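# Report on the structure
Each chain, letter by letter, is given below.
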Amino acid sequence: MARRTLEADYLVVGCGAAGMAFTDSLISACDASVVMVDRRHAPGGHWHDAYPFVRLHQPSAYYGVNSMPLGDDAIDRAGMFERASAPEICGYYDRVMQQRLLPSGKVRYFPMCEYVGDHRFVSRLTGDEYEVKVRKQRVDAVYLEPAVPATTEPPFEVAPGVRCVPPGELVRFAKRADGYVIIGAGKTALDTCTWLLETGVSPSDIRWIKAREAWFLNRKFAQGGALVGTMLEGYALQIEAAAQATSLEDLFARLEASEQLLRVDARVAPTMYKGPTLSVAEVEQLRSIEGVVRLGKLRRIERDTIVLDGGTLPTSPHHVHVHCAARGLNPAPAIPIFSADRITLQPIRPGLIPFNAAVVGYVEATRDDLAVKNRLCPPNQLPDVPLDWVRGTLIAMAADYAWSKEPDLRDWLESARLNPSRGLRAMTSEPSLAQAWKRFGDHARGALANLQRLSTSGR
Ligand SMILES: Cc1cc2nc3c(=O)[nH]c(=O)nc-3n(C[C@H](O)[C@H](O)[C@H](O)COP(=O)(O)OP(=O)(O)OC[C@H]3O[C@@H](n4cnc5c(N)ncnc54)[C@H](O)[C@@H]3O)c2cc1C
């Protein structure tokens, strides 16, 4: 067991989407040296544990790192950009590391190493210990590490003999089940239901246990690149709804009426909002599942009975229960991104983990003053409940305004492939977008004031 000392400007802990986008952006904008550490064997973070039928919920066009495209920007039959699968994403991050970060000569990468604090990490294979003399900053790219079913125990008891698996195990089954019980109401549960239906399972063979209902962003309006005009139209409709809403309930009614937000069950008021996108076609397909169970939280699965807060349901050892009830995105409290002893990567615009990390990398490379860096990078806690749409939109509006006053940052944003709204500035006089620009201009101030009111009243 050896002890080694390394020296670098930055120590980046975590080589998931956040750490990779930050480092790529940082070394593109300055001459820093970086040590990158991850306990996993390869870069890409949680995508290595993802269920095999997962895809990005956003276009590949603006996921990954700025300096290397992901996918071919193909547009599918529904008129939306391609979305990468987990194997594509893992392969992509391997190429970013091997073809971009390491050849730059600025980055050293230590996979299979556990960061143990105080700028020290330990190899999980050899036990070798490393200490890094950090000249500038440690970068915490694990603060918002998500929790996925493959690596998280179910939040309910499972009796011996019950078939209860995370979604990824479904692809390994050799024998048909008597039925599938999906537990969860978030994106993973939706993906699992959609995949089962697309693979030929009858909707009547699916029982879907939902403790709550969620809002989803309409994917049609989350397209960038050649389709950035549609994104502007959607954003203008959101701003109009935000300006005119009389209450939180009215705001969500308006966002739904203008097709900005979708929900699977229109009879149930959502209490969850985590910000993933969904298409109208997926919503229609999911509505074919009639066996939706709303009896509160699931507490225990016994051999023949499912026990929930509000009642019980029959089941059997021949049913497959699918655990889609991990927390997913991590709504840890927002803390300053830049502090004296570290940079803690967090969103600025809602979601968009790689884009935000890249912005932080650029700001770190080009600014010295801590207060300036924090003013340009206000942290935006990952959303969990509907009110978070209001809070997240306000923070993003403030950040966009601050960025618009910095000429170099404006230029950087226009050239950043991770920026979904890249290209919009050049389209201010595009005749087909005149109505959207007008709607946005007419309502931006009102939206700001009204969202502030809604966020403080919470109603
Ligand atoms: C199913 C799913 C789909 C998603 N789709 C999208 C999408 O389309 N678009 C989007 O923007 N976001 C999406 N997200 C959100 C997602 O959280 C981010 O895109 C992103 O992949 C998260 O990256 P991360 O770097 O924050 O975390 P991670 O991917 O978890 O990376 C953190 C890394 O830190 C390492 N680590 C942790 N602790 C230590 C330690 N002590 N020592 C060493 N290493 C350590 C871990 O091994 C890991 O590799 C999705 C999330 C899920 C779960």
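The structure we're discussing is the one just above.
Below, the structure is looked at part by part. Every residue gets a number counted from 1 within its own chain, in the order that chain's sequence is written. Confidence filtering applies because this is a predicted model: local features only for residues at pLDDT of at least 70, side-chain atom pairs given and counted only at 80 or more, and all residues used for totals across whole chains, interfaces and linings. Working from all heavy atoms in the structure, the side-chain values ignore hydrogens and water.

Here we come to the overall build of the chain. Helix numbers and strand numbers start at the N terminus; a helix is a DSSP run of H or I with at least 4 residues, a strand a run of E with at least 2. A tally of regular secondary structure across the chain gives eleven helices and 19 strands. The globule rule used for comparison is 2.2 Å times the number of residues to the exponent 0.38, while the radius of gyration itself is calculated over C-alpha atoms. A compact globule built from 459 residues would reach a C-alpha radius of gyration of about 23 Å, and the chain, at 23 Å, matches this within 12%. Over its C-alpha atoms, taken along the principal directions, the chain stretches across nearly 65 × 60 × 40 Å. Buried positions account for 53% of the 459 residues belonging to the chain. Whether a residue is buried, partly exposed or exposed follows from its accessible area with a 1.4 Å probe, protein chains only, as a fraction of its type maximum: under 20%, in between, or over 50%, in that order.

How two aromatic rings sit relative to each other is given by the distance of their centres and the angle of their planes. Ring pairs shown here join Phe, Tyr and Trp side chains whose ring centres sit within 6.5 Å, with only the six-membered ring taken for Trp; geometry is labelled stacked below 30 degrees between planes, edge-to-face above 60, and tilted in between. In this structure the tally under the stated criterion is twelve aromatic pairs. With 6.5 Å between their ring centres and 65° between their planes, Tyr10 and Phe22 make a pair best called edge-to-face. Within this pair, whereas Tyr10 is found in strand β1 (residues 3-13), its partner Phe22 is found in helix α1 (residues 17-29), the two being separated by twelve residues in sequence. Across the pair, exposure class does not vary: Tyr10 and Phe22 are buried alike. In textbook terms, an aromatic cluster arises when at least three aromatic residues are bridged by ring pairs, as seen for Tyr51, Phe53 and Trp195. The cationic tip of Arg163 hangs over the ring face of Phe173; the distance from NZ or CZ to the ring centre is 5.0 Å. The rule is short: NZ of Lys or CZ of Arg within 6 Å of the ring centre and within 35 degrees of the ring normal puts a charge over the ring. When the ring centre of Trp208 is taken as origin, the NZ or CZ atom of Lys210, which lies over that ring, is 4.1 Å away.

Another point: the pattern of salt bridges. Counted as salt bridges are all cases of a side-chain nitrogen of Lys or Arg within 4 Å of a carboxyl oxygen of Asp or Glu. The tally for this structure, following the rule as stated, stands at 35 salt bridges. Glu256 serves as the salt-bridge partner of Arg263, at 2.8 Å between the closest nitrogen and oxygen. You can call Arg263 buried: its relative accessible area is 13%. A salt bridge links Arg367 to Asp408, with the shortest nitrogen-to-oxygen separation between them at 2.6 Å. Separated by 41 residues along the polypeptide, Arg367 in the loop between α7 (353-366) and α8 (370-376) and Asp408 in helix α10 (residues 407-415) bring together distant segments of the chain. Classification of Arg367 as buried rests on a relative accessible area of 9%. For Asp408, a relative accessible area of 29% translates into the label partly exposed. Linked through salt bridges whose partners overlap, the residues forming this network are Lys210, Glu213, Asp265, Arg267 and Arg294.

For two strands to be treated as a pair, DSSP must find no fewer than two bridges joining them. Across the sheet, three strands lie side by side as β12-β11-β13; this open sheet has mixed pairing. Two strands bound the open sheet, and with one partner strand each, they are β12 (261-262) and β13 (272-278).

The backbone phi angle of Asp118 is positive, close to 50°, even though this residue is not glycine. Structurally, the position occupied by Asp118 is in the loop between β4 (113-117) and β5 (120-123). Of note, the phi angle at His119 is positive, near 65°, even though the residue is not glycine. In this fold, His119 is placed in the loop between β4 and β5. Judged by its relative accessible area of 24%, His119 is partly exposed.

A word on the packing of helix α4 (residues 228-244) against helix α5 (residues 248-257). Running from N to C, α4 and α5 point in directions that differ by 155°, and their axes come no closer than 9 Å. Between α4 and α5, the angle falls in the class roughly antiparallel. Helix-helix and strand crossings are classified by hand; for α4 and α5 the assignment is right-handed. Counted together, Gln238, Ala241, Ala242 and Gln244 of α4 and Asp250, Leu251, Arg254 and Leu255 of α5 form the full contact between these two elements. For this classification, Asp, Glu, Lys and Arg are treated as charged, while Ala, Val, Leu, Ile, Met, Phe, Trp, Tyr, Cys and Pro are nonpolar and the rest, including Gly, are polar. Across the contact of α4 with α5, the residue classes tally to four nonpolar, two polar and two charged. Every axis in this analysis is a line fitted to C-alpha atoms, fitted for helices over the stretch in contact. Angles between the N-to-C directions lie between 0 and 180 degrees. Each angle receives one of four descriptions, namely roughly parallel if under 35 degrees, roughly antiparallel if over 145, roughly perpendicular if within 65 to 115, and oblique otherwise. Here a crossing is called left-handed whenever its near helix is offset anticlockwise from the far helix by less than a right angle, and right-handed whenever the offset is clockwise. Whether two residues are in contact is decided by their heavy atoms: any pair within 4.5 Å suffices.

The next subject is the site of the ligand. For each residue, the test is whether any non-hydrogen atom lies within 4 Å of the molecule or strand; if one does, the residue is near. Around the ligand, a shell composed of 28 residues is seen, among which Asp38, His46, His57, Tyr63 and Tyr115 lie nearest. In this structure, an oxygen atom belonging to the ligand sits 2.7 Å away from a side-chain N or O atom of Asp38. Of all the elements in the fold, those that place two or more residues in the shell around the ligand are α1, β4 and α7. If one sorts the elements of the shell around the ligand by residue count, β4 sits on top with three residues. By residue class, the composition of the shell around the ligand is 17 nonpolar, six polar and five charged. In the analysis that follows, any N or O atom pair within 3.5 Å is treated as a polar contact, provided that within protein one partner can donate a hydrogen and the other can accept it, and provided that, for residues neighboring in sequence, both atoms belong to side chains.

Glancing now at the pairing of strand β3 (residues 107-110). In the case of a regular strand, side chains alternate between the two sheet surfaces. One ladder, built from four bridges, connects strand β2 (residues 34-37) with β3; its direction is parallel. Paired with Val34 across the bridge in β3 is Val107. Remark: the β2/helix α2 (residues 86-101)/β3 crossover connection has right-handed handedness. Handedness of a crossover is defined as follows: orient the strands so they point away from the viewer, and if the path from the first strand over the helix to the second runs clockwise, the crossover is right-handed.

Moving on, we come to α2. In a helix, the anticipated span is given by 1.5 Å times the number of residues less one. An ideal rise of 1.5 Å per residue puts 22 Å on 16 residues; α2 measures up with 21 Å between its terminal C-alpha atoms. When we look at burial in α2, the residues that qualify are Ala86, Ile89, Cys90, Tyr92, Tyr93, Val96, Met97 and Leu101. Buried positions along α2 lie against α1, β2 and β3.

Sheet architecture is open: five strands sit in the order β8-β18-β9-β10-β14, paired in parallel fashion. Every other strand in the sheet has two partners, leaving β8 (163-165) and β14 (292-293) as the edge strands with one partner each. As paired elements, β8 and strand β18 (residues 319-323) share three bridges and run parallel to each other. In the strand pairing of β18, Cys164 is matched with His321. Those strands touched by helix α3 (residues 187-198) are β9 (179-183), β10 (206-209) and β18, and its axis lies near 175° from that of β10.

Everything listed here is a matter of coordinates, which is why it stays silent on function.
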